Amino acid sequence: ALGGMMVLVPLVLMSAILAQHWEVASFPLPYFSLISSNFPKLSFICFIVLFLAMTTTAVSSGVCLIENVEAKKAGTSTVLLCLFAFFISFFPFSELVMTVYSAFGFIGIVLIMGIFTQNLRKLKK
């Protein structure tokens, strides 16, 4: 219940802000656009925070991926992952969000189903 409230309150506040500023609702980053237009000096700080958030997410995901690869193949996997990230970085942000978030959502569902199935098999034994 507490977690739900922690999500609900910001969601309601953000929806109220977008209702007042409907012209930016269709932008890829509407709140960043609002900050940039209203507080130009603050937009640089927000950009740095957003960039660091995306970077730490990418690095942590990459580290998790590389840690699950055999030690002999870790170097090659790291180079391939970096090359893939480099080429992917040229795509527009909104297109990346639409495709990558959806893909990772489906991958997450498959992983959860796999974990659930594996646990059921363990319980049967």
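Fair warning: this is a prediction, and the values are worked out from it, not measured in the lab. Per chain, residue numbering runs from 1 following the sequence as it is written. Side-chain atom pairs in this predicted model are given and counted only at pLDDT of 80 or more, local residue features only at pLDDT of at least 70, and totals for whole chains, interfaces and linings cover all residues. Side-chain measures were taken over the full set of non-hydrogen atoms in the model, leaving aside hydrogen atoms and water.

**Concerning the overall build of the protein chain**
Note the threshold: Starting at the N terminus, helices and strands are each numbered in turn, a helix being any DSSP run of H or I of at least four residues and a strand any DSSP run of E of at least two. As a reference, a globule follows 2.2 Å times the number of residues to the power 0.38, and the radius of gyration itself is taken over C-alpha atoms. Think of it in three bands: residues with accessible area under 20% of the maximum for their type are buried, residues over 50% are exposed, and the middle band is partly exposed, with areas taken using a 1.4 Å probe on protein chains only. Note on contacts: a residue pair qualifies if any of its non-hydrogen atoms lie within 4.5 Å across the two residues. Here the accessible surface of atoms and residues is derived via Shrake-Rupley with a 1.4 Å probe, and residues count as covered only by protein chains that are part of the display. Charge assignment: positive for Lys and Arg, negative for Asp and Glu; neither His nor the chain ends contribute. Note that the charge is assigned to NZ on lysines, CZ on arginines, CG on aspartates and CD on glutamates.
On a plain count of helices and strands, the protein chain comes out with 5 helices and 0 strands. Counting from the amino terminus, the protein chain carries its helices and strands in the arrangement α-α-α-α-α. Computed over the C-alpha atoms, the radius of gyration of the protein chain is 20 Å, more than 25% above the 14 Å expected from 2.2 N^0.38 for a compact globule of 125 residues. Projected onto its principal axes, the C-alpha positions of the protein chain cover 60 × 40 × 20 Å. Here the protein chain holds 125 residues, and 6% of them are scored as buried. In the protein chain, the share of contacts with a sequence separation of at least 24, taken over all contacts with a separation of at least 6, comes to 9%. When the accessible surface of the protein chain is split by element, carbon and sulfur atoms take 77% of a total near 10600 Å². The average position of the 7 basic charges and that of the 4 acidic charges among the side chains of the protein chain differ by 19 Å.

**Examining a nonpolar patch on the surface**
Spelled out, the test is: Distance thresholds for patches are 9 Å for like charges and 5 Å for nonpolar side chains (Val, Leu, Ile, Met, Phe, Trp, Tyr), applied to residues having over 30% relative accessible area and no salt bridge. Whenever a carboxyl oxygen of Asp or Glu lies within 4 Å of a side-chain nitrogen of Lys or Arg, that contact is scored as a salt bridge.
On the surface, F39, L42, F44, I45, F47, I48, V49, F51, L52, M54 and F93 cluster together to form a nonpolar patch covering roughly 1100 Å² of accessible area. For V49, the location among the structural elements is in helix α3 (residues 40-67).

**Comments concerning the packing of α3 against helix α4 (residues 74-88)**
Where we set the bar: Note on geometry: axes are lines fitted to C-alpha atoms, helical ones only across the stretch in contact, with angles between N-to-C directions running from 0 to 180 degrees. Throughout this description, any angle smaller than 35 degrees is read as roughly parallel, any larger than 145 degrees as roughly antiparallel, any in the 65 to 115 degree range as roughly perpendicular, and the remainder as oblique. Here a crossing is called left-handed whenever its near helix is offset anticlockwise from the far helix by less than a right angle, and right-handed whenever the offset is clockwise. Charged means Asp, Glu, Lys or Arg here, nonpolar means Ala, Val, Leu, Ile, Met, Phe, Trp, Tyr, Cys or Pro, and polar covers whatever is left, Gly included.
Two elements in contact, α3 and α4, have axes whose closest approach is 10 Å; the angle formed by their N-to-C orientations is 150°. Judged on the interaxial angle alone, α4 and α3 are roughly antiparallel. Both α3 and α4 take part in a crossing whose hand is right-handed. Contact residues: G62, L65 and I66 in α3; A74, S77, T78 and L81 in α4. Residue composition of the contact of α3 with α4, grouped by class: 4 nonpolar, 3 polar and no charged.

By themselves, these figures tell us nothing about what the structure is for.
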